[in-house]
Amino acid sequence: MKILLLGSTGQVGWELNRTFLTLGELVALDYPQIDMADPDSIRLVVQEVKPNLIVNATAYTNVDKAEIEPELAMAINGTGPGILAQEAKKLGAGLLHYSTDYVFDGTKGSSYTEEDQPNPINVYGETKLAGEEAVQIVGGTYLIFRTSWVYSLRRPCFVTKVLEWARKNDALSIVDDQISNPTWARMLAEVTSQIIAQGQAQPEDYIKEKTGLYHLTSGNSCNRYEWAKEILALDPMASEQLAHEIQPAKTIDFPTPAVRPLYSVLNCRKYQECFNIPLIGWEKSLSLALDV
Ligand SMILES: NC(=O)c1ccc[n+]([C@@H]2O[C@H](COP(=O)([O-])OP(=O)(O)OC[C@H]3O[C@@H](n4cnc5c(N)ncnc54)[C@H](OP(=O)(O)O)[C@@H]3O)[C@@H](O)[C@H]2O)c1
């Protein structure tokens, strides 16, 4: 099997680049070797590499900046995945693509299933939804995994920001009204690899059989305040923390350029029934991620 991995230096892509090593021949690229905002660049790379499977871990993920760069975000997140899907279909290859809980508006009040109607409330969510739709409309063989609150220690993310804030401030205020599933990039990569390994003998046939949209996150959920408290409790260098106090706060008190959905917990039952690979709770994943 020949895998083309795109976005190999991102949070998820960096982990995929390691977990894919034993799966077959791997071509791992990132910007500028491929520019997901440029359809010609995408076509050229896929036609040169001729993979059996394309894994797209690229994305424009700066949620606030997307509000002021909507065209670029749409090109990378919305249009690019559709071009990838067209090229994959021409080759008879499978496409594995990631999307986000931010396709939902967060008002449902219980966990979202794949049947729920998306209704993005920020540009990032709109562009990621456009990408899902672009992949689906091509009608090839694909897996789309919607995930949420992805973190790794390698790049700035909520976990690294909380650790940093706690070293600079006496007290922290963290919102307790945003609720979702903190998902460790390594866990997502390992599950993705196991799924690919399940179909390794016939990757195109396997993905054809499973083609669809799935929710795939850690096995449970929490609010950002609970998450931050656990990050500080598990901090391997806790003696460096200045913060003696962590207070719950409300999203309304921290205005940001992009509005965030408040309750975007994803229900992963469809994934569990289809792939039968257990999901790890967010506390366990976090303790492993911070055990450095
Ligand atoms: N992060 C989250 O909280 C979160 C939540 C839900 C879903 N997701 C989804 O999960 C997937 C992986 O996200 P992640 O957190 O691993 O993202 P990430 O760390 O931001 O990585 C994205 C990768 O895409 C690359 N990229 C950006 N623009 C590109 C372009 N024009 N052409 C080619 N590559 C480009 C980035 O390169 P540079 O570093 O050079 O820009 C980076 O390597 C994405 O589909 C994302 O939407 C993420």
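In what follows, the structure referred to is the one given above.
1. Some points on the overall build of the protein chain
Here comes step 1: The helix and strand tally for the protein chain stands at 10 helices and 12 strands.
Here comes step 2: Taken against the 2.2 N^0.38 rule, which gives 19 Å for 292 residues, the C-alpha radius of gyration of the protein chain at 19 Å falls within 12% of a compact globule.
Here comes step 3: Referenced to the eigenvectors of the C-alpha coordinate spread, the extents of the protein chain come out at roughly 55 × 35 × 35 Å.
Here comes step 4: Across the 292 residues in the protein chain, those meeting the buried criterion constitute 54%.

2. Some remarks on the pattern of salt bridges
Here comes step 1: As enumerated under the stated definition, the model contains 13 salt bridges in all.
Here comes step 2: Between Arg260 and Asp64 there is a salt bridge, with its nearest N and O atoms 2.7 Å apart. Linking Arg260 in the loop between β12 (245–249) and α9 (269–275) with Asp64 in the loop between β3 (53–56) and α3 (70–91), this pair joins segments that are 196 residues apart in sequence.
Here comes step 3: A salt bridge links Lys210 to Glu209, with the shortest nitrogen-to-oxygen separation between them at 4.0 Å.
Here comes step 4: Given a relative accessible area of 14%, Lys210 falls into the buried group.
Here comes step 5: By relative accessible area, Glu209 is classed as exposed at 61%.
Here comes step 6: Several salt bridges share partner residues, and in doing so they unite Asp40, Arg43, Glu87 and Lys90 into one network.

3. Section: the nonpolar core
Here comes step 1: Judged by nonpolar contacts, the single largest core of 82 residues is most densely connected at Val55, Trp227 and Tyr271.
Here comes step 2: With near-sequence residues (within four places) excluded, Val55 lies in contact with Ile3, Leu4, Leu5, Leu6, Leu16, Phe20, Leu96, Tyr98 and Ile196.
Here comes step 3: Membership of the second largest hydrophobic core comes to five residues, among which are Val103, Phe104, Leu129 and Leu266.

4. Observations concerning the environment of Glu209
Here comes step 1: Along the chain, Glu209 turns up in helix α7 (residues 203–210).
Here comes step 2: In sequence terms Glu209 and Val103 are 106 residues apart; their C-alpha atoms lie 25 Å from each other.

5. Side note on the packing of helix α8 (residues 224–234) against helix α10 (residues 282–289)
When two helices pack together, their arrangement is given by the angle between the helix axes and the distance between those axes.
Here comes step 1: The N-to-C vectors of α8 and α10 enclose an angle of 35°; their axes lie 10 Å apart at closest approach. Note that α8 runs across α10; the crossing there is right-handed. Here Glu226, Trp227, Glu230, Ile231 and Leu234 of α8 come into contact with α10, specifically with Trp282, Leu286 and Ser287.
Here comes step 2: Among the residues making up the contact of α8 with α10, the classes are represented as five nonpolar, one polar and two charged.

6. With respect to the packing of aromatic side chains
Here comes step 1: Under the counting rule described, the total for this entry stands at 11 aromatic pairs.
Here comes step 2: A ring pair is formed by Tyr102 and Tyr124, whose centres lie 6.2 Å apart and whose planes are at 80°; its orientation type is edge-to-face. Residue Tyr102 is located in the loop between β4 (94–100) and α4 (123–138), and its partner Tyr124 is located in helix α4; the two are separated by 22 residues in the primary sequence. Judged on exposure class, the residue Tyr102 and its partner Tyr124 are both buried.
Here comes step 3: Judged by centre distance (6.1 Å) and plane angle (70°), the rings of Phe145 and Phe275 are edge-to-face. Within this pair, whereas Phe145 is found in strand β5 (residues 141–147), its partner Phe275 is found in helix α9, the two being separated by 130 residues in sequence.
Here comes step 4: On the accessibility criterion, Phe275 (2% relative accessible area) is buried.

So, how was this worked out
- Residues numbered from 1 in each chain as written.
- Predicted model: local features only at pLDDT ≥ 70, side-chain atom pairs only at ≥ 80, totals over all residues.
- Heavy atoms only, no water.
- Helix = DSSP H or I, 4+ residues; strand = E, 2+ residues; numbered from the N terminus.
- Rg over C-alpha atoms; globule rule 2.2 N^0.38 Å.
- Buried < 20%, exposed > 50% of the residue type's maximum accessible area, 1.4 Å probe, protein only.
- Salt bridge = Lys/Arg side-chain N within 4 Å of Asp/Glu carboxyl O.
- Core = buried A, V, L, I, M, F, W, Y, C linked by side-chain atoms within 4.5 Å.
- Contact = heavy atoms within 4.5 Å.
- Axes fitted to C-alpha atoms, helices over the stretch in contact; angles between N-to-C directions.
- Left-handed = near helix turned anticlockwise from the far one by under 90°.
- Nonpolar A, V, L, I, M, F, W, Y, C, P; charged D, E, K, R; others polar.
- Phe/Tyr/Trp six-rings, centres within 6.5 Å; stacked < 30°, edge-to-face > 60°.

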